[in-house]
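Fold and geometry: a report
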Amino acid sequence: MYGTLGRMRPKAGKRDELVALMTEPPTGDAAKGYRGGYLLKADEGDDIVVAVMYEDKDAYFAMVHDPKTDENFGKIVALLEGEPAWTDGEWLGPI
């Protein structure tokens, strides 16, 4: 599996709106190979950490380059204090 971890800081009062937007299931090309995801509300501040998993690197990059993903990302960034920090890579398995 392949995917990403992202850490983001919502603007004041926007956390619930961000969570609602991010928990919508992927559609179209972004749904192909989707294995699942999680949101974590960090203990410190209102930071949100997202984990997203795809079947393989090709499916993940198809999602990244889907125009719908760009549209959704614009909505997400509008709710944030700044750009998210992303770490892409291969999921090695559950621990």
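Residues numbered from 1 in each chain as written. Predicted model: local features only at pLDDT ≥ 70, side-chain atom pairs only at ≥ 80, totals over all residues. Heavy atoms only, no water.

1. Overview of the overall build of the protein chain
A tally of helices and strands in the protein chain yields three helices and four strands. Ordered by position in the sequence, the α and β elements of the protein chain form the string β-α-β-β-α-α-β. For the protein chain, whose C-alpha radius of gyration is 13 Å, the value lies close to the compact-globule estimate of 12 Å for 95 residues. With the C-alpha coordinates aligned to their principal axes, the bounding extent of the protein chain is approximately 35 × 35 × 20 Å. Surface exposure of the protein chain reaches about 6,200 Å², of which carbon and sulfur atoms provide 55%. (Helix = DSSP H or I, 4+ residues; strand = E, 2+ residues; numbered from the N terminus. Rg over C-alpha atoms; globule rule 2.2 N^0.38 Å. Areas by Shrake-Rupley, 256 points an atom, 1.4 Å probe, with all protein chains shown as cover.)

2. Looking at the sheet that holds strand 4 (residues 85–90)
Read across the sheet, four strands follow the order 2-3-1-4 without closing on themselves; strand pairing throughout is antiparallel. With partners counted over all chains shown, the strands left at the sheet margins are strand 2 (34–41) and strand 4, one partner each. Here the strands of the sheet are splayed against their neighbours by 15 degrees on average, with no regard to which way each runs. Bridging between strand 1 (residues 2–8) and strand 4 involves six bridges; their strand directions are antiparallel. Its bridge partner being in strand 4, glycine 6 is matched across the sheet by tryptophan 86. Contacts from helix 2 (residues 57–64) reach strand 1, strand 3 (48–54) and strand 4, with the element oriented near 45 degrees to strand 1. (Pairing = 2+ DSSP bridges. Axes fitted to C-alpha atoms, helices over the stretch in contact; angles between N-to-C directions. Contact = heavy atoms within 4.5 Å.)

3. Some points on the packing of aromatic side chains
Across all of its chains, the model carries six aromatic pairs by this definition. Ring centres 5.4 Å apart and planes at 55 degrees place the aromatic pair tyrosine 2 and tyrosine 60 in the tilted group. Taken as a pair, tyrosine 2 in strand 1 and tyrosine 60 in helix 2 lie far apart in primary sequence, 58 residues in all. Ring centres of phenylalanine 73 and tryptophan 86 lie 6.4 Å apart, and the angle between their planes is 50 degrees; this geometry places the pair in the tilted category. In this pair, phenylalanine 73 is assigned in helix 3 (residues 67–77) and tryptophan 86 in strand 4, connecting sequence segments 13 residues apart. In this structure phenylalanine 73 comes out as partly exposed when scored by relative accessible area, which is 29%. (Phe/Tyr/Trp six-rings, centres within 6.5 Å; stacked < 30°, edge-to-face > 60°. Buried < 20%, exposed > 50% of the residue type's maximum accessible area, 1.4 Å probe, protein only.)

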